[in-house]
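# Chain and residue survey
These are the residues of each chain, in order.
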Amino acid sequence: MKFDDKVVIVTGAGSGIGAATARAFSEAGASVVLADVDQQELDDIAGKLPRDRTLTIRTDVSRADDVDAMVKAAVDRFGGLDVIFNNAGILVEGPVDKTSLDDWNRIVAVNLTGVFLGSKAALPHLRERKGCIVNTASVSGLGGDLEMAAYDTVKGGVANLTRAMAIDHGRAGVRVNAVCPSLTRTGMTEDMQDDEATVKAFLDRIPLGRIGEPEDIAKVVLFLASDYAGFVTGVNLPVDGGVTASNGQPLFENA
Ligand SMILES: NC(=O)c1ccc[n+]([C@@H]2O[C@H](COP(=O)([O-])OP(=O)(O)OC[C@H]3O[C@@H](n4cnc5c(N)ncnc54)[C@H](O)[C@@H]3O)[C@@H](O)[C@H]2O)c1
């Protein structure tokens, strides 16, 4: 897939899925704007990318002024915008009665309002170039998990916002899709990866028998952003090793 002459914004680009996707877009020829709250991480990732096609901007996606400045910086530097990958996110664990209101408001602001703000700021520019939006939802937005009430809620919101925006902006030629990863090896899930029993419990439920790598997700983001997906919009695409193929019953090996 070629993204020569394309301008791409990646939020949450300082780590994990965002960093892998920023690298993949850059390798495919795009000019890439890497946005994150962590400037140090951005500098580390961007330092290995071509200087003339790379821009970093410290951005808190939950703040409208930051997000507007991020989109303006992309357009000012590279002359337009073709793709925004709304990916920045945080994890809040626990059932509702153990989730503080502050944590609830924080995850709504970053994971859901962040997607709204990024899309809102990008849309005028995406319309001009018939560009597209790719969001990071999750398998946790397609069904529920144990003790992830706030996370499941906001990811469900991202999944349905993806559908709603696809319907609203299709006539303008703007496609909107989302990737839905299951457990992926990033900083967000380090605790889970370090716990043998947790990893085994996940592997028991993943038909392909391994957890995801950030590059697995990045490749699908590039596909959704590419002309190969030119007739695909409103899709929340699981990138999950087959987790969501199951009806939920235990996966037993035949004796
Ligand atoms: N890792 C998984 O198993 C998994 C599974 C499904 C979905 N996801 C989703 O993938 C996305 C990327 O997460 P990851 O796994 O790469 O985690 P990560 O922690 O490695 O990366 C998340 C990045 O987002 C940045 N960030 C956090 N708050 C921000 C804010 N307010 N503004 C801008 N940047 C902010 C962080 O600094 C970090 O660099 C998230 O939306 C996450 O919910 C992850």
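Check the entry above for the structure.
Below is a short write-up of the structure. (Residues numbered from 1 in each chain as written. Predicted model: local features only at pLDDT ≥ 70, side-chain atom pairs only at ≥ 80, totals over all residues. Heavy atoms only, no water.)

## Details of the overall build of the chain
In terms of regular secondary structure, the chain is built from 8 helices and 7 strands. Relative to its length of 255 residues, the chain is compact, with a C-alpha radius of gyration of 18 Å against a globular reference of 18 Å. Each principal axis of the C-alpha atoms in the chain carries an extent, and together these give about 60 × 40 × 40 Å. A total of 255 residues make up the chain; the buried ones form 48% of that total. Of all intrachain contacts in the chain linking residues separated by at least 6 positions in sequence, the fraction that spans at least 24 positions is 68%. Entry remark: accessible area of the chain is about 12600 Å², with carbon and sulfur atoms responsible for 52%. Each charge sign in the chain was given a centre, from 25 positive and 36 negative side chains, and these centres are 8 Å apart. (Helix = DSSP H or I, 4+ residues; strand = E, 2+ residues; numbered from the N terminus. Rg over C-alpha atoms; globule rule 2.2 N^0.38 Å. Buried < 20%, exposed > 50% of the residue type's maximum accessible area, 1.4 Å probe, protein only. Contact = heavy atoms within 4.5 Å. Areas by Shrake-Rupley, 256 points an atom, 1.4 Å probe, with all protein chains shown as cover. Lys, Arg positive; Asp, Glu negative; His and termini not counted. Charge placed at Lys NZ, Arg CZ, Asp CG, Glu CD.)

## Considering empty space enclosed by the protein
One pass over the full model with this rule turns up 1 cavity of 30 Å³ or more. As a volume, the largest cavity reaches approximately 40 Å³. Taken together, Thr11, Val61, Asn86, Asn87, Ala88, Val110, Gly114 and Val115 form the lining of the largest cavity. Of all the elements, helix α4 (residues 101-129) adds the most residues to the lining of the largest cavity, at 3 residues. When grouped by side-chain class, the residues that make up the lining of the largest cavity number 4 nonpolar, 4 polar and no charged. (1 Å grid on protein atoms, 1.4 Å probe; cavity = no way out; pocket = protein on both sides within 12 Å on 5 of 7 lines; lining within 4 Å. Points joined across faces, edges and corners; volume = space filled by probe spheres on them. Nonpolar A, V, L, I, M, F, W, Y, C, P; charged D, E, K, R; others polar.)

## A closer look at the pairing of strand β3 (residues 54-58)
Two faces, one strand: in a regular strand the side chains alternate between the faces of the sheet. Alignment of strand β2 (residues 31-36) against β3, held across 5 bridges, turns out to be parallel. Following the sheet pairing, Leu34 is matched in β3 by Thr56. Considered for its hand, the β-α-β crossover made up of β2, helix α2 (residues 39-46) and β3 is right-handed. (Pairing = 2+ DSSP bridges. Right-handed = clockwise from strand over helix to strand, strands pointing away.)

## Points about a negative patch on the surface
On the surface, Glu93, Glu147, Glu190, Asp191, Asp194, Asp195 and Glu196 cluster together into a patch of negative charge. Relative to the elements of secondary structure, Glu190 occurs in helix α6 (residues 190-194). (Patch = residues over 30% accessible without salt bridge, like charges linked within 9 Å, V, L, I, M, F, W, Y side chains within 5 Å. Salt bridge = Lys/Arg side-chain N within 4 Å of Asp/Glu carboxyl O.)

## Focus on the sheet that holds strand β5 (residues 132-136)
Spatial strand order, β3-β2-β1-β4-β5-β6-β7: 7 strands in an open sheet with parallel pairing. Strand pairing shows two members of the sheet lacking a second neighbour, β3 and β7 (236-239), which therefore form its edges. Adjacent strand axes in the sheet meet at a mean angle of 20° when their direction is disregarded. Most of the contacts of helix α3 (residues 64-78) go to β3, to which it runs at about 160°, and overall it touches β1 (7-11), β2, β3 and β4 (83-86). Lying on the sheet, helix α5 (residues 149-169) is in contact with β5, β6 (175-181) and β7; it crosses β5 at an angle near 165°. (Axes fitted to C-alpha atoms, helices over the stretch in contact; angles between N-to-C directions.)

## Some words on the packing of aromatic side chains
In this structure the tally under the stated criterion is 1 aromatic pair. Ring centres of Phe3 and Phe25 lie 5.0 Å apart, and the angle between their planes is 85°; on these two criteria the pair is classed as edge-to-face. Separated by 22 residues along the polypeptide, Phe3 in the segment before β1 and Phe25 in helix α1 (residues 16-27) bring together distant segments of the chain. Of the residues examined, Phe25 reaches a relative accessible area of 0% and is grouped as buried. (Phe/Tyr/Trp six-rings, centres within 6.5 Å; stacked < 30°, edge-to-face > 60°.)

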